[in-house]
Structures are given as C-alpha cells and as structure tokens.
Amino acid sequence: MDDFERAIRVIFTQDPSIGAAVREQANAYCDGIKARPDGWRICWDRFSQTDALEVKFWCAQVILQAMGSMAPEARLELRTKVLGWLGEVVPNTQQEVVVKNKVALIYVGLARLDYPASWATAWQDLMGLMDKGLPLVDFFLRVLAIFDQEVISDEVQRSQEDRQRSHQIKHAMRERDVVALVECWYRILTTLRTSAPQMVSDCLRVASLYIVWIEILTVANDKFLSAVCSIIAEASASASEACECLAAIISKKMPAGKKMMMLSELRVCARLEACVQKGGTSQQLLKEAEMLNSIAEAVLEAYVDLRVQDAQSASAAQVAWDSISALMPLIFWFFVHQEHQIAVCLEPFLTEFFVKVKSFVKGAERQEMETAPCHSVSLEQVRPILMQTLQLIIQRTAYPAWFQHHDPNIEDDEQHALFIRFRKSLAKIYKRIFLVDEQLGLQFVQASTAQLTQNLAGVQPMEVDAVLYLFKETGEIVKQLDQHLQAKGPLASAFVQLVECEALVNADHWAVQLALMEVYVRYGRLLALHPDLFPRYGQRVLQAFVSRGIRSSNAHVVSRACFMFGRFMKLVKAQAAPLVAQIQEALQDLLVVQYVPSALVPVQAEVSLTKVAIKGSLKADDQAYLFEALANLATASKPEELRPKLEMLLKGPAQNLTEILGNRAPGNDVAGCAGWAGRNIEAIATVSKPFTVQHASTAPAWEEVLVVVARILEKFVNQMSREIGLWRAALFLCRRMVEVLGDRFLEILDTYLPFLYATNDQADLAELTVFAHQLVCQYQQKTGPYLQKWLPQIFLRPFVVWQQLPEQSEQLKREKLELSSALLQLLKEAALRCPGAILEPHGQEIIGFLLVGLQDARELKPLQYAANAWAALLAAMSAESAAAITAFPMAQLLQRLLWSVVRMDYSDFQSQKVLNEASSILHSVMNRTQPQVHLQQTKETFQQALVSALPGLRSEAAPRRLCEVLSQDCSVKDVRTALQQCALDWRRECG
C-alpha cells in the first residue's frame, strides 16, 4: 500500500486514533492528485489495480468531476480504458454495486459529451459487450437507467442548454440505435426469463422509461408485445414490471387515430383478456388492475379526441368505442374484486368515463358542442354499462369487514382513508349515472329498495347501509326534490316502501339505524307535503327515532339521533306540533337535567360542569338537541296553546332552580350546585332558540323564569369561574332574551349585569363586551339611559382589567389586544347611536382610551374602531355646538391620528376605512362654523401635528394642499384624497 492509497483510506476512516494533522495531510495529498492535469489517469490506473472499495470510489468520483474539463483526446483515452476494463475485468470479477454505478456514471458522462459527434458507436460498443456474460447485461441496463436520469428524463429539472443537448441525443438515438436497443431488450426478455428474472425486471423498467420518447412501433409490434404479455400470463417474478411496460406502450402520447389503428392491429384487448391472471396473487392483480386502468384511460382519451374531429375520424372513433366496450367486462371483474385495494385502481377510469359519457350519447352533444361530433352512441348502447356499474357500486360501497368504524384515528390510517376516498368517488360516479339516464337511475333505486325490503333477512347490515346511503345520495341528485315528492315520484314510493318495512325500521344494527336517520331527514319533507301520510309513516319514524335512535345502547347512534331528530322535526313541524306533549312524555326521563357532584369532574380547565354527563343520561349537547327540537314544535302551536307548551318545557329546569334556591339540592356541594344551575339555565336558553319577539304571548313565562335565574346568579355570585359553567350559561340566556323579549329585556338585564361582570377573566370580559356591543346595535338610542348607568360595569370594569394585563409574551399581547378591540368596537357603536351617553360621567377615561386606540399604526382593527368612535363623537358634538369639540384634547388627537394614518399598511383593505374616518375627523375639527379664535387655535394645532407626522418630507405640495382643502370647507372625499397624498409623498421620500 503506497502513500496515495493510504491517504484515501485516512480520508474515509472513522478511526478516532488518527489525529487532525494526519487527516489534513491526507487531504492535501489527495487534493494534489486532483489538481494534476493527468490526475484522472492516475486515478483510473489505481481504480483498475486496487481491490479497496473506498479507493475505487474516490478515484471514480475524481474522474467524474474531471470529465467536464478534459480534452477530447483525454476523453477518448478514458473511453478506451473503460471499455477495456468492462471487457476484460467485469466478466471475471464480482464488483460492488457502488462501483458499478460509478463506472456507469462515467460511461454516461462520456456519452453525454461525445455522442454522436465524437463517439457514434457509444451504444453499439455497450451492446457488443453483452455477449460476455450476465455482468455486462447488468451493466448495459444500469447505464440505460442512469442515462435516462442524468440526461434524458423530462421529470428532472434541467437548464435550457441541457434540454437542447438532451433533444439532440434523443434524435440521434432514434436515427441510429433505438432499434438495436429494443432488440437487446427483446433478447433479455426471452432468454433470461428463467435464469435471471431480476435482469428481466430491470429490463422492463428501463423499457418503460424509454418508451416515452422512442418510436412507438419499435415496441408496439407483435414480437415485442408477445414477449411482454407472456411474462404477464406466466405470473412470473417480473409480471408487475411487465404490466407497467405494457401500460407505458398503450399510454404513449401519439395522435389518437394512430393509437387506435395500432391497438386494433395488435389486438390489444384480446391480448389483455388472454394474459391477465384472474387467479393470481393480490400483488399481481393489483398491478394488472393499475395497468388496465391506464390502458382504459388512454383509449377513453383517444375516443374523446376522435369523436370531435372530422368525418374521416369516425371509423377510428368507432374502434375506440368498441375497445372501451371490450375492456368493460375485464374492468368490472377487477372492480368487483373482494379486496378493495384492487377495485380502487379502476376508480380513476370509471370516474373519468362517467364524467364524459353523457356527452357521448346522441342528442346530448347538441347542448354541449357547437358542431355535431363525427361519432355518438345511443342510450341503449350505454345502458348495460350504466346498469352493471350501478349494481357493482352497491357492492363496493358497503364497508369491508376490517373497517374499524369506532376508531377515532381511522382518518390517519392509510387503508381506512383510502376506502373513505373510494366511497366518496363511488358516490360521485353514482350521481354521474343519474345525469346520463335519470330514468334508469330511478328504476334502479326502486328495484334496490324493493329487493332490500323483500329479502332483508338475507342482507348483511353493511350492505343495507350501502343501499340506504346511495338512496340518500339520490335525493341530492334529483333536481327540485320537493316537486318530485309532491308528485309522489319514484323516490317517494321508495321511501314509503322503506318505512313500511317494520323489520328494517326496527333493525338493531347501529349502522342501519344511522343510515335510516339520514334517509328520514332527506325524504321527511314528503310527510309534510302529503299530510295524510304522517299519521301512519310520520309517527312510525318518530317512534324509530326515540326507541332505536335516542334510546340506543350505542353512544354514537344516540348523539346522531338527537341531532337528526331536530332536523326531522323542522321538516314536519306543522304535522308533529299536536304531538309535542306526547313526545316530551316519551323523552321525559332523558330531559331531566342531572345534578353532577363537583368531585366527579376531572381537574382540568377545559371541562365545564355543564358539559359533564352521568352514566346512563344524555350528554349535554344531545339533551340540548332534544330541548330545541321540542321547542321548535311548540312554536308551531296555536297562539293560545303556545304559553302552556312553553311552560311545560321550562317546568323541569325551572323546578330544579327553585330547589337550589330553597337549599333542597343534594349535599353541601356549592360548586356542584352552581354547575347544576348552569346546566338548567343552559337548557332554558336552548328552549328559547326557536322563539322570537313575534311570540309575544310567551313573554310572561320568560319573565317568570328570568326572575328565578336572577336569584340564582345572586346566590352563586362567587361561583362564576369558567370551570363551573354558570357564567357562560347566564350569558347564553341573556343573548337569547335580547331576541325573544326585545325591549322588555332591558329592565331585566339591569339586574343581571352586576353578576355577569363579577369576573376578572380577560376572555370572559371580552365576550361580555361583544354582548354589550350587540345590545347597542339591537336597541340603538333606547340604550342611552341604560348606558350611562351601566358604564361602570360595561366599560370601566374591562378597562381596569385591560390596564393590568401583562405583555411579556406574544400570547399575552394578543389577549390584551382582543379585549381592547372589543372595547373600542363597543365605544364606536355607542358613539354612533348615543354619543352623549358615553361622555358622562366617565368621559375622561373613555377619551383617554380612545386616544390609546389611535397610537399603534400596526394594529389596524383597533385603529379603525377608535377612528370610527372619534368620527362619530366629533360629528355629534359639532352638530350640537361647533364650539363643543374644543373640549376634546385636540393636540393629542390630531398628533396620534396623523402619525398612524401616515404609517399604516396601505396594502390592507382596512386602511381605506381608517383613511375615510380620519378624513371625517379632520373635516369635523376644522369646521368653519366654530368661533374664529377656536378655529385659529385648531389650525395651528393641526399644522404642528402634520409637521410632526411627516418628519423629513421635502416637498410641501401635499401638506399645503391638505391645509387648503380643510380651510375651504371641501368635501370629506377631497380631504381624503389630500391626506392620502401626504402619506404617499412621505412614504416615497422617507418611509
């Protein structure tokens, strides 16, 4: 071992005993070899002499790096050495894969530089070596694969120069060498199938890469296709690669007419039928299904192209359609395979086919095309395909036995996610068939539902679910479903037939019940359109909802049933309204709001006592769905029945609240009782959802229960934490009462606010401030007297908390910003509706806060709200008395306003709103009707603020124009234009 080899080994070794100085010396030695003009020659000589892998690797890498700068004579010398090594050494020695790859890269690099001009025989030389044994066959395939990746493939990003060189090489190879290359592939496929199956697989992979750009007839011929198809037929180890190769041949881009002529002459459909192994392994069937999908897509694409060409293409279009028809039995065989992964492979073609097929039918093209196509098919020709697809869709839509429905993580599992996507795609295909032939689709629906109800005992639950799922989807396809149901069309008949089947309606399986609920809601409108059907079928559905859904032992069914029950009730509201008392009695035990001891609640802030359920009772959300459904029915009652029915619904929760007030609640669990109270208040608020001010007769009932709730809040004023849930329930009720009682709620709300504002939580106060904003929007000027009274709570309380909020992190800053934005939005609305109410008796605090809202140009939302409020206040004050605006801190207002307007982000749409409000403010403060002395002071203050806001601005044109516009009492629009120009000039010069 000489110094050269020893230095390379030092570079590669991980031996910790070798010091940094030695490594540095080794690197320097090797760098010296690299730098020599004949360094590549030294490296090749060492490569061919040594057995050390790391030395071979290093030397080959140096040669690769040097080739770009080598003289043509040097490359010729290197080429001779490489060919000699391949012919003499490779057949007799075992080479490492990394070495073979490096030499293949050298060969490819030489070919890229010199073929065809300086090395016309590059491929002939390589093919000539194949007779020397399998190692050279392997090298031949390895070079072709690497050549595709390094030089030819369009999937690799290359420079313009490299793309041009690639085109030159491909053109030369088509002219000189492709036929010979394909002949070599054929020899490998036919002679090494048994002795070297791995090389056959590699050969097929290489062929698939080159088929994209070589002349197609070199491989699309009887000889080559027979070799490929025989590998598929034998189900050999190379069958998967053979499938990919055959698909590549058929899918190759070419004129549609030429492709169909080729497929016809080569009898491709017959070859497929002969070579596909229906009894093969799952992996082989998977590859065959993928191949069939690719071929079918290629034929479909050709037909779509040919049918819109001139009349001369009609015969080729007919061949394409015949080919599609011939492929369909094979497609359906794979599509119905029990392993859904295999069926999934055909979904892309089927989806594309049914997207296009409507336009293929005679007559349909007149609506979609300007000129008639040269080829069309009749509906009778398409119907067998449609019908067979419909029948198979039901089979494929059924969930497989392995599907874990109750696993919450199924969407993260690849197999489950694949099936869910597949099922959705099947539903789309199903809908597409209806668009082609709605009559056939409706007949199929009638037949499938009839077969289901007549043979229910022999149908598996998941197959029942599939039929019901597709029936439900049909309701989304039919246009104007209400009209269809009104006319008692096929879907109406099918729905009645399903509901008439007692065994189906009373089925125990959870999946069947879930599917039935979807059907009830989709088609329940029929029972409202034909009230005569409701006594028989509507009540049967209601009974099923209660007994098989809401009272199911399956928690998922219960939750879904409670939700869907409410949706169904809305459909049959008028018909079911007389039954509200009976329905409530049937659900009475489930509507009981249970007491939950606080000791049973997990110690975590996210869980509220109002959301905890006792085993055997409904979850809070599910119970809420029932309360709302019953309340919906109650609102459909006669006016004289409305209040009694409401009181019936409120009775349970109201009695519980009364028990709590009378200290008759269980134990001394204050937190538990407060949580129980919160759940009852939440139930009361939920009942109110369907009610509005239009239901005036119910107002006394609401007022009675609100008195009780007020006493509850007073009792638990110290139990308003988020975990208890009482505070949130009370706010929910207040929001609802604004809609239900209207003006009558203002006086009652007066007793609620002190309890609601007994919190220091930033999020709660922000939510309360949003509610206060809702009140001002709802009641407008009517809130004026109340605002003056409420200000200590609705403004000062959140304001004090806001002042104390820390800002040590981005999260804390965001929380503080949310509260300030909510307060500014409230003040903005109050300033618009009743400006006088917010200035007394806490005007100083409010004015100071509004000034803070103007100071940060980066936060456009609070800036906009603050500008809105200032504009409204100034407009209102100037309307009363022009001199009144002098009471405001004008210097601070103008300085902060102009500073922020100039620096805000004008790419944000909110900036334009701020600009408008700022212009309105300037227009108000420069009102010429105010006393001259005050106006002069304001002008001076404005000019100082403008100079301060535009430091460094050299041009005075825009500021001067703004001052002129304001002094001339121009429109707000003119002020806006001039103000924006000031900002633009400053940003251009100084920003």
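What comes next is a walk through the structure. (Residues numbered from 1 in each chain as written. Predicted model: local features only at pLDDT ≥ 70, side-chain atom pairs only at ≥ 80, totals over all residues. Heavy atoms only, no water.)

A separate point is the overall build of the chain. Secondary structure assignment for the chain yields 50 helices and zero strands. Its C-alpha radius of gyration of 41 Å places the chain more than 25% over the 30 Å reference for a compact globule of 991 residues. By its C-alpha atoms, the chain is 105 × 90 × 70 Å across when sized along the principal axes. A total of 991 residues make up the chain; the buried ones form 53% of that total. Residue pairs at least 24 apart in sequence account for 74% of intrachain contacts in the chain once pairs closer than 6 positions are excluded. (Helix = DSSP H or I, 4+ residues; strand = E, 2+ residues; numbered from the N terminus. Rg over C-alpha atoms; globule rule 2.2 N^0.38 Å. Buried < 20%, exposed > 50% of the residue type's maximum accessible area, 1.4 Å probe, protein only. Contact = heavy atoms within 4.5 Å.)

Looking now at the state of the cysteines. Counted under the stated rule, the structure contains zero disulfides. Here C229 is not disulfide-linked; the sulfur of C275 is the nearest cysteine sulfur, at 4.4 Å. (Disulfide = S-S within 2.5 Å.)

Moving on: the side chain of S559. Within the secondary structure layout, S559 lies in helix 31 (residues 555–571). Side-chain polar atoms of S559 contact the side chain of D622, separated by 2.9 Å. When neighbours within four sequence positions are excluded, S559 is seen to be in contact with K619 and D622. (Polar contact = N/O pair within 3.5 Å; in protein donor to acceptor, adjacent residues only side chain to side chain.)

So, on to the pattern of salt bridges. The final tally for this structure, using the stated rule, is 49 salt bridges. Of the charged contacts, one joins D114 and R79 as a salt bridge, the two residues approaching to 3.5 Å between their closest N and O atoms. One end of the pair, D114, is in helix 6 (residues 97–114); the other, R79, is in helix 5 (residues 72–88), and 35 residues separate them in sequence. With a relative accessible area of 2%, D114 lands in the buried category. Take R79: its relative accessible area is 9%, and that puts it in the buried class. One salt bridge connects E215 with K258, and the closest N-O pair in it is separated by 4.0 Å. Here K258 lies in helix 14 (residues 256–265) and E215 lies in the loop between helix 11 (197–211) and helix 12 (222–233), a separation of 43 residues in the sequence. On the basis of relative accessibility, which here comes to 36%, the residue E215 falls in the partly exposed class. One continuous salt-bridge network, built from bridges that share partners, spans K431, K472, E473, E476 and R522. (Salt bridge = Lys/Arg side-chain N within 4 Å of Asp/Glu carboxyl O.)

Topologically, K619 is positioned in the loop between helix 33 (580–587) and helix 34 (620–635). Note on K619: relative accessible area 48%, which makes it partly exposed. It is 61 Å that separates the C-alpha atoms of K619 and A270, two residues lying 349 residues apart in sequence.

Counted by the stated rule, this structure contains 42 aromatic pairs. Ring plane angle 40° and centroid distance 5.9 Å describe the contact between W402 and F403, whose orientation is recorded as tilted. Look at F403 and you get buried, because its relative accessible area is 7%. Just above the ring of Y469 sits the side chain of R423; from NZ or CZ to the centre is 4.2 Å. Above the face of the F716 ring, K715 is positioned so that its terminal group lies 5.8 Å from the ring centre. (Phe/Tyr/Trp six-rings, centres within 6.5 Å; stacked < 30°, edge-to-face > 60°. Lys NZ or Arg CZ within 6 Å of the ring centre and 35° of its normal.)

Relative to each other, helix 3 (residues 39–49) and helix 5 sit at 5°, their axes nearing to 11 Å. Between helix 3 and helix 5, the crossing angle belongs to the class labelled roughly parallel. Between helix 3 and helix 5, the residues in contact are W40, R41, W44, D45, F47 and S48 and A74, E77, L78, K81, V82 and W85, respectively. Among the residues forming the contact of helix 3 with helix 5, the class breakdown is seven nonpolar, one polar and four charged. (Axes fitted to C-alpha atoms, helices over the stretch in contact; angles between N-to-C directions. Parallel < 35°, antiparallel > 145°, perpendicular 65-115°, else oblique. Nonpolar A, V, L, I, M, F, W, Y, C, P; charged D, E, K, R; others polar.)

Turning our attention to unusual backbone geometry. Among all residues save glycine, negative phi is the norm, and among peptide bonds the norm is trans. Geometrically, the link from Y115 to P116 is a cis peptide bond, its omega value of 0° lying close to zero. Inspection of the secondary structure assignment puts P116 in the loop between helix 6 and helix 7 (122–128). Here the phi dihedral of Q780 falls at roughly 55°; this positive angle occurs in a residue that is not glycine. Mapped onto the elements, Q780 comes out in the loop between helix 40 (762–779) and helix 41 (784–804). Here Q780 falls in the partly exposed class, since its relative accessible area comes to 31%.

We now examine a negative patch on the surface. A cluster of like negative charges, contributed by D407, E411, D412, D413 and E414, occupies part of the molecular surface. Mapped onto the elements, D413 comes out in the loop between helix 21 (379–397) and helix 22 (414–436). Exposure remark for D413: the relative accessible area of 32% places this residue in the partly exposed category. (Patch = residues over 30% accessible without salt bridge, like charges linked within 9 Å, V, L, I, M, F, W, Y side chains within 5 Å. Areas by Shrake-Rupley, 256 points an atom, 1.4 Å probe, with all protein chains shown as cover. Lys, Arg positive; Asp, Glu negative; His and termini not counted. Charge placed at Lys NZ, Arg CZ, Asp CG, Glu CD.)

Because each turn of an α-helix spans 3.6 residues, side chains separated by three or four positions in sequence point in the same direction. Look at helix 34: 23 Å from first C-alpha to last across 16 residues, which is about the 22 Å you get at 1.5 Å a residue. Counting buried residues in helix 34 gives 13 out of 16 residues, a clear majority hidden from the surface. (Expected span 1.5 Å × (residues − 1).)

To continue, consider the nonpolar core. Ranked by size, the top nonpolar core spans 367 residues in total, and within it F140, M173, W185, F353 and W702 carry the most contacts. It is helix 45 (residues 860–880) that contributes the most residues to this core, 13 residues altogether. Other than its neighbours up to four places away in sequence, F353 contacts L300, W321, I324, M328, F360 and I385. (Core = buried A, V, L, I, M, F, W, Y, C linked by side-chain atoms within 4.5 Å.)

Looking now at the layout of surface pockets. The volume enclosed by the largest pocket comes to roughly 730 Å³. In this structure, the largest pocket is lined by 21 residues; those nearest its centre are Y399, R423, D465, L514 and H556. Residue assignment for the lining of the largest pocket shows that the elements contributing at least two residues are helix 22, helix 24 (461–477), helix 28 (510–523) and helix 31. Split by residue class, the lining of the largest pocket holds 10 nonpolar, three polar and eight charged. (1 Å grid on protein atoms, 1.4 Å probe; cavity = no way out; pocket = protein on both sides within 12 Å on 5 of 7 lines; lining within 4 Å. Points joined across faces, edges and corners; volume = space filled by probe spheres on them.)

Turning our attention to empty space enclosed by the protein. The full count for this structure, using the stated rule, is two cavities of 30 Å³ or more. Looking at the largest cavity, its volume works out to about 40 Å³. In terms of lining, the largest cavity is formed by I394, Y430, F444, V445, S448, T449, V467, L470, F471 and T474. At the level of secondary structure, the elements contributing two or more residues to the lining of the largest cavity comprise helix 23 (438–454) and helix 24. For the lining of the largest cavity, the per-class residue count stands at seven nonpolar, three polar and no charged. Considered as a void within the structure, the second largest cavity measures approximately 30 Å³ in volume.

The next point concerns helix 33. For helix 33, the set of buried residues is V580, I583, Q584 and L587. Buried residues of helix 33, seen end-on, are gathered within an arc of 100° and therefore sit on one face of the element. Exposed residues lying more than 90 degrees from the buried face of helix 33 are Q582 and E585. Residues of helix 33 that are buried make contact with helix 30 (534–550), helix 31, helix 32 (573–576), helix 34 and helix 35 (639–661). (Arc of directions from axis to C-beta.)

Next up on the list: the environment of A145. Relative to the assigned elements, A145 resides in helix 8 (residues 134–152). Take A145: its relative accessible area is 30%, and that puts it in the partly exposed class. Taking the C-alpha atoms as reference points, A145 and L209, separated by 64 residues in sequence, lie 7.9 Å from one another.

Here we come to the environment of H171. Residue placement: H171 occurs in helix 9 (residues 160–176). The class of H171 is partly exposed, set by a relative accessible area of 47%. With 798 residues separating them in the primary sequence, H171 and D969 have C-alpha atoms 78 Å apart.

Turning to the packing of helix 8 against helix 9, a few remarks are in order. Relative to each other, helix 8 and helix 9 sit at 140°, their axes nearing to 10 Å. By the criterion of interaxial angle, the relationship of helix 8 to helix 9 is oblique. Of the residues in helix 9, those in contact with F147, V151 and I152 of helix 8 are S166, I169, K170 and M173.

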